[in-house]
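# Structural overview for review
Below, each chain spelled out in residue letters.
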Amino acid sequence: MRVVAIIMTYNEKENIGPMLEAWLKIAKENPKYKFEILNVDGSSPDGTGEITKKYSQKYKNIHLLSGPRQGMGRELINGYRYAIEKLKADVVIPIDVDFQFDPFLAPKLLQKIDEGYDVVVASRRVPGGRDYFNWFRKLTNFVSDTLLAYYWAGIKEVKDHNGLFKAIRVKRVLDKVDLGKLDVTGFVVNMKIIYELSKVTKKFYEVPAIFGKRKAGQTTTVGLKSLNWFLKYIFEYILQATKIRLERSAQFFKFAVVGFIGYLINASTLQLFAARLHFSEWLSWGLSTEMAIISNFTLNNLWTFKIKKISGLENVIKKFLQFNGTSAGALLIQTIAGTIGTSIFGPQYRQLLLPFIVAFMVLPYNYFMYTRVIWRKSGEKS
Ligand SMILES: Nc1nc2c(ncn2[C@@H]2O[C@H](COP(=O)(O)OP(=O)(O)OP(=O)(O)O)[C@@H](O)[C@H]2O)c(=O)[nH]1
Ligand SMILES: [Mg+2]
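Keep in mind it's a predicted model, so treat the numbers as computed, not measured.

### Description of the overall build of the protein
Secondary structure assignment for the protein yields 10 helices and 9 strands. Overall, the protein is about 85 × 40 × 35 Å in size when its C-alpha atoms are taken along their principal axes. Sequence-distant contacts, at least 24 apart, represent 79% of the contacts inside the protein between residues at least 6 apart. If the 54 positive side-chain charges of the protein are averaged to one point and the 32 negative ones to another, these points end up 4 Å apart.

### Topic: the confidence of the model for the protein
Mean pLDDT over the protein stands at 91; residues scoring 70 or higher make up 94%. In the model, residues 374–382 has pLDDT below 50 throughout and makes 25 contacts with residues more than four positions away in sequence or in other chains.

### Here we look at the pattern of salt bridges
All chains considered together, the criterion is met by 17 salt bridges. Measuring nitrogen to oxygen at the nearest pair gives 3.1 Å for the salt bridge that ties D114 to K32. On the criterion of sequence distance, the pair formed by D114 in helix α4 (residues 106–114) and K32 in the loop between α1 (13–29) and β2 (34–41) is long-range, its members being 82 residues apart. With its nearest N and O atoms 3.0 Å apart, the salt bridge here joins E247 to K199. Of this pair, E247 sits in helix α7 (residues 227–276) while K199 sits in the loop between α6 (188–198) and β8 (204–208); the two residues are 48 residues apart in sequence, bridging distant segments of the chain. You can call E247 partly exposed: its relative accessible area is 31%. The exposure class of K199 is buried, given its relative accessible area of 17%.

### Comments concerning the nonpolar core
Membership of the largest hydrophobic core comes to 41 residues, with the highest contact counts inside it found for I6, Y80, V92 and L197. Of all the secondary-structure elements, those providing two or more residues to this core are β1 (2–9), β2, α3 (72–85), β5 (119–123), α5 (135–152), α6 and α7. Broken down by element, the residue count for this core peaks at 7 residues, all from α6. When near neighbours in sequence (up to four residues on either side) are disregarded, Y80 contacts I6, V92, P94, I168, L174, L179 and I193. Within the second largest apolar cluster, 35 residues are counted, among which are V97, A167, V207 and F211.

### Quick word on a nonpolar patch on the surface
A contiguous nonpolar patch, built from L332, I336, I340, I344, F345, Y349 and L352 and spanning about 740 Å² of accessible area, is present on the exposed surface. Element by element, the count of residues in the nonpolar patch is highest for helix α9 (residues 313–345), at 5 residues. Note on I336: relative accessible area 47%, which makes it partly exposed.

### Quick look at the packing of α7 against helix α8 (residues 281–304)
Where α7 meets α8, the axes come as close as 8 Å, and the angle between the chain directions of the two elements is 155°. By the angle between their axes, α7 is roughly antiparallel relative to α8. As for how α7 packs across α8, the hand of that crossing is right-handed. The residue inventory of the contact of α7 with α8, partitioned by class, reads 14 nonpolar, 12 polar and 1 charged.

### Topic: the environment of M191
With respect to the helices and strands, the residue M191 is situated in helix α6. Residue class for M191 comes out buried when judged on its relative accessible area of 0%. Excluding its chain neighbours within four sequence positions, the residues that come into contact with M191 are A149, I155, H161, N162, Y237, Q240, A241 and I244.

Here is what the cut-offs are and how they apply
- Residues numbered from 1 in each chain as written.
- Chains lettered and ligands numbered in written order.
- Predicted model: local features only at pLDDT ≥ 70, side-chain atom pairs only at ≥ 80, totals over all residues.
- Heavy atoms only, no water.
- Helix = DSSP H or I, 4+ residues; strand = E, 2+ residues; numbered from the N terminus.
- Contact = heavy atoms within 4.5 Å.
- Lys, Arg positive; Asp, Glu negative; His and termini not counted.
- Charge placed at Lys NZ, Arg CZ, Asp CG, Glu CD.
- pLDDT = per-residue confidence, 0-100.
- Salt bridge = Lys/Arg side-chain N within 4 Å of Asp/Glu carboxyl O.
- Buried < 20%, exposed > 50% of the residue type's maximum accessible area, 1.4 Å probe, protein only.
- Core = buried A, V, L, I, M, F, W, Y, C linked by side-chain atoms within 4.5 Å.
- Patch = residues over 30% accessible without salt bridge, like charges linked within 9 Å, V, L, I, M, F, W, Y side chains within 5 Å.
- Areas by Shrake-Rupley, 256 points an atom, 1.4 Å probe, with all protein chains shown as cover.
- Axes fitted to C-alpha atoms, helices over the stretch in contact; angles between N-to-C directions.
- Parallel < 35°, antiparallel > 145°, perpendicular 65-115°, else oblique.
- Left-handed = near helix turned anticlockwise from the far one by under 90°.
- Nonpolar A, V, L, I, M, F, W, Y, C, P; charged D, E, K, R; others polar.

Dropping the structure here:
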């Protein structure tokens, strides 16, 4: 397994050497993984990149990605891309250079990846984890992490959204994320990536981590010293959290509308087949349910999940059959319960039986299938 550590730096000449040494040591102590060490440096004027360059001449698994300072967000995305495309990463581990996170926690994160988790976060918000923030940072972190990310945006996969240090599986996880969409500059990038990842996997894990004091050098991003940057980052955080909130409610709304249309189609075709065309009872229930399934699939594909729209005839057919597969139970339940119900109560109760069956049998069944399928199949949301 190829693991790429992504070390972010801006003016960190005191820290970069010890951090590279630490990763060389981790690589030596954990020979079961193949480590590549990538320093993403925003052309630090203090010569941080020069130090990495010297190391890279001596160690061929040390790499430097240097470019103009674009802020943590954009540069981290460049780092992910470089790790995936150039260094062929199976797992990426971004980390701060200043030893606030202990890099020697990495093997523990990797162990959880080996166990099958896709995103393993070094977390200060689970028992055993903690931070040494001052009151001001505690406050800003509470607002951004707990209020904005957890409650407002509703990202409940993890409790700690703002740390950089985490292990992310590439195949079918990070490579499914549209990195171009992560167009942010500040530290909100960490929350945003957790959100994008939550669309492709539910396999998150938080390993307790202690976030200590910076080992050397000075803070580069947040702090009262750079009030402008600070306000800009906070504003960006509020904006992004709100965007996520809206995206989620819009999707839920569309999903509900599609379901309602499906119901109307179900009810009207049931009436048509059974009362007008005098099809047999079970055929009418079965056919009308299938009509609703087709409508739900088509509208959800074209509208609700437009972003991830399935295209290409072969793919559409495959997905449709799969969708039918998970709906087979609903089809059976509705056909059997409908036919039996009508034979007991009489055909005049058909239109009353339908909502009853949908609400008390089909919806609970779908919910069960949905959660079970998601839990079983990692990285794939059908
Ligand atoms: N490439 C790049 N790295 C950056 C940039 N800004 C900050 N970093 C790095 O990102 C990491 C986190 O920044 P820090 O300044 O430590 O932010 P912080 O941990 O919130 O602040 P402190 O608690 O004071 O350390 C460090 O490794 C920085 O060197 C940037 O614009 N570009
Ligand atoms: Mg720091």
